[in-house]
Amino acid sequence: MRVLCAFPEAMFSSNSRPSPCLARVALFLALLLQLSLSSQAGDRRPLPVDRTAGLKEKTLILLDVSTKNPVRTVSENFLSLQLDPSIIHDGWLDFLSSKRLVTLARGLSPAFLRFGGKRTDFLQFQNLRNPAKSRGGPGPDYYLKNYEDDIVRSDVALDKQKGCKIAQHPDIMLELQREKATQMHLVLLKEQFSNTYSNLILTARSLDKLYNFADCSGLHLIFALNALRRNPNNSWNSSSALSLLKYSASKKYNISWELGNEPNNYRTMHGRAVNGSQLGKDYIQLRSLLQPIRIYSRASLYGPNIGRPRKNVIALLDGFMKVAGSTVDAVTWQHCYIDGRVVKVMDFLKTRLLDTLSDQIRKIQKVVNTYTPGKKIWLEGVVTTSAGGTNNLSDSYAAGFLWQSRLGMDYWLSLLYKRLIGPKVLAVHVAGLQRKPRPGRVIRDKLRIYAHCTNHHNHNYVRGSITLFIINLHRSRKKIKLAGTLRDKLVHQYLLQPYGQEGLKSKSVQLNGQPLVMVDDGTLPELKPRPLRAGRTLVIPPVTMGFYVVKNVNALACRYR
């Protein structure tokens, strides 16, 4: 999640919609992908099914799927979440125990929860249970501090009990918190544009709340430590990190670790550079801190969490892998599609943007395989736009096309993905007329089709079923005829479209024509499919995305775990 996203800010509003930030949490909040170039650019490749203008409505696309063997298997944790430490600043950390929020997060498990972002490298841990507060005069902050004391007292009582600490926060406190968060949003904006960031203090009590949220939600916590605490010789100062490790171990918290956030931006953001070789030594130092601590002696360590692989970033990664390539369990990086300062709504529909991901994967893989062939590569942070996102665009339906290209639009798209998509990737075969490329022109694919075994945890479908997910960026509908092993099978359609008058700028979505909102009691709605009769041609509306479960295919690749 980008730094200025006030994570649960809109989550508790009267319209009962998940916040756009949880969307980006689900969906920046990454992610963690066991990527290989073949699975991104080959096995689940975009399919060339475009055609000449004169044959738009006459061309029938024939679709079949190889069902004998999967071409790739991804982690069940694929599509995970990220929380930026700014939630300490804006006060939302105290509301992570919200029943509604925990319910939303549980819908996306199993997954990772990465606690990291731009303010990672200003985070300091203090082993304090309830630090003294300056009360100030009446106002949102004054009442919230008193309310936090009530939360602390209730937590103390619950510390003696087993199980999750889930609260129903009064509406008045949520309104006050939204008011506070709105004020803090302006402060965070000022920090971002001035590149001057204030330090954040993470107390033991705050860490308890963070871990409680992850544990109650079925998420595995990845904690990104501050890498910018430096000694005079520019080596990493690990004193604060060691204090945090010891406290976490005393509580038996099951955590994986990371060091820093986008180190390639340190000089620009913080006026201090750390090269890849030095960062590699810092990771080796962190591993040496973990090994004597029994609960963390085999804990996973991820990094270096670099940004887009430009020339300077590749140089940093090369130096890091040379020194510490064997130290990390997976190499992590972040991808951003659009510069948020120049984005327009139609930019989200440009196929050239969808295609940038596979090109950047190749660059990362080339470096990683030079030093540690076969090392896991995780796409750990994915955002549709940089610069903190673009108001009314990066949290809209239009942004979903970039996300579904790498998975996810907002919360509901992520929830459908988790419910319907299993880890096994299947090869897709398409027959249909294609346009012939003209000299000097690149033909990009506006209809993209992917196939997986249906999630075996979904008891609505027997093993052997297949889930297709389809992006149609054309401004006309496309017809797909299921052939081969998919012929004459019953299909369940889950079609997502924008809801309301805003069109592609809408922040709400509808599933098969029905708006998606949380139920009044805080539970998730039933995601009802639209059954399509066997043998029916799939008609994909223009500028839409959706999932299509082909039932009872009895696919050999999908019958066994």
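Now for a quick tour of the structure. Worth saying up front: this structure is predicted, and the values here are computed from it rather than measured.

Conventions we followed
Residues numbered from 1 in each chain as written. Predicted model: local features only at pLDDT ≥ 70, side-chain atom pairs only at ≥ 80, totals over all residues. Heavy atoms only, no water. Salt bridge = Lys/Arg side-chain N within 4 Å of Asp/Glu carboxyl O. Helix = DSSP H or I, 4+ residues; strand = E, 2+ residues; numbered from the N terminus. Core = buried A, V, L, I, M, F, W, Y, C linked by side-chain atoms within 4.5 Å. Buried < 20%, exposed > 50% of the residue type's maximum accessible area, 1.4 Å probe, protein only. Disulfide = S-S within 2.5 Å. Pairing = 2+ DSSP bridges. Axes fitted to C-alpha atoms, helices over the stretch in contact; angles between N-to-C directions. Parallel < 35°, antiparallel > 145°, perpendicular 65-115°, else oblique. Left-handed = near helix turned anticlockwise from the far one by under 90°. Contact = heavy atoms within 4.5 Å. Nonpolar A, V, L, I, M, F, W, Y, C, P; charged D, E, K, R; others polar. Polar contact = N/O pair within 3.5 Å; in protein donor to acceptor, adjacent residues only side chain to side chain. Phe/Tyr/Trp six-rings, centres within 6.5 Å; stacked < 30°, edge-to-face > 60°.

By the definition in use, this model includes five salt bridges. For the salt bridge of E380 with R114, the shortest nitrogen-to-oxygen distance reads 3.3 Å. Residue E380 is found in strand β11 (residues 377-385), and its partner R114 is found in strand β4 (residues 111-115); the two are separated by 266 residues along the sequence. For the salt bridge of R362 with D359, the shortest nitrogen-to-oxygen distance reads 2.8 Å.

Our focus in this paragraph is the nonpolar core. Judged by nonpolar contacts, the single largest core of 99 residues is most densely connected at L210, F223 and W257. Residues L482, L532, A555 and A557 belong to the second largest nonpolar core, which totals 26 residues.

This brings us to unusual backbone geometry. Of note, the amide linkage connecting S109 to P110 takes the cis form, showing an omega dihedral of 0 degrees. P304 follows G303 through a cis peptide bond whose omega is 10 degrees. Inspection of the secondary structure assignment puts P304 in strand β9 (residues 301-306). A positive phi is found at K252, a non-glycine position, where the angle reads about 60 degrees. Locating K252 in the fold gives a position in the loop between α8 (239-250) and β8 (255-259).

Glancing now at the state of the cysteines. In the structure shown here, the tally under the stated rule is one disulfide. Each disulfide pairs two cysteine sulfurs, and for C453 the partner residue is C558, the sulfurs being separated by 2.0 Å. Across the S-S bond of C453 and C558 the torsion is about -80 degrees, and the bridge reads as left-handed. Of the two residues, C453 is situated in strand β14 (residues 447-454) and C558 in the segment after β22 (544-550); the sequence distance between them amounts to 105 residues. Accessibility expressed as a relative area gives 4% for C453, which makes it buried.

A few words now on the pairing of β22. Burial of β22 is extensive: seven of the seven residues sit out of reach of the surface. Looking at chain direction, strand β15 (residues 466-472) and β22 are connected through seven bridges and run antiparallel. By the bridge assignment, I471 is partnered in β22 with M545. Taken together, the six bridges between strand β17 (residues 491-498) and β22 define a ladder with antiparallel strand orientation.

Contact pair helix α11 (residues 311-324) / helix α13 (residues 356-371): the axes reach a minimum separation of 9 Å and the direction vectors enclose 20 degrees. With respect to α13, the axis of α11 lies roughly parallel. Seen from above, α11 lies across α13 with right-handed handedness. Contacts from I314, L317, D318, M321 and K322 in α11 reach K363, I364, V367, V368 and Y371 in α13. Residue composition of the contact of α11 with α13, grouped by class: seven nonpolar, no polar and three charged.

Of all eight residues that make up helix α4 (residues 99-106), six are buried, and the element is covered over most of its length. For α4, every residue scored as buried is listed here: R100, L101, V102, T103, L104 and A105. With a side-chain oxygen positioned 3.3 Å from the backbone nitrogen of R100, the residue opening α4 is S98.

With that out of the way, let us pick up the sheet that holds strand β16 (residues 478-482). Read across the sheet, four strands follow the order β13-β1-β16-β21 without closing on themselves; strand pairing throughout is mixed. Two strands close off the open sheet at either side, each with one partner strand: β13 (428-431) and β21 (538-540). Going across the sheet, the axis of each strand differs from the next one's by a mean of 30 degrees, ignoring polarity. Bridging between β16 and β21 involves three bridges; their strand directions are antiparallel. In the sheet register, I480 faces β21, and the bridge partner there is L538.

The next thing to look at is the packing of helix α7 (residues 204-216) against α8. Between α7 and α8, the least distance of the axes is 11 Å, while the angle of their chain directions is 55 degrees. What the angle tells us is that α7 and α8 run oblique. Considering the relative orientation of α7 and α8, their crossing is right-handed. Residues A204, L207 and D208 of α7 touch α8, and the partners they reach there are L244, Y247 and S248. Its residues assigned to classes, the contact of α7 with α8 shows four nonpolar, one polar and one charged.

Next up on the list: the packing of aromatic side chains. In this structure the tally under the stated criterion is 13 aromatic pairs. When the ring of F223 is compared with that of W257, the centres are 5.9 Å apart and the planes differ by 55 degrees; the resulting orientation is tilted. Here F223, found in strand β7 (residues 219-225), pairs with W257, found in strand β8; they are 34 residues apart in sequence, far enough to count as distant. Take F223 and W257: they sit in the same class, and that class is buried. Ring centres 5.1 Å apart and planes at 15 degrees place the aromatic pair Y450 and F469 in the stacked group. Placement of the pair is Y450 in strand β14 and F469 in strand β15, with a sequence separation of 19 residues. Each member of the pair, Y450 as well as F469, carries the same accessibility label: buried. Pairwise contacts between aromatic rings join F78, Y417, Y450, F469 and F547 into one cluster.

Any functional reading would require information beyond the geometric quantities listed.
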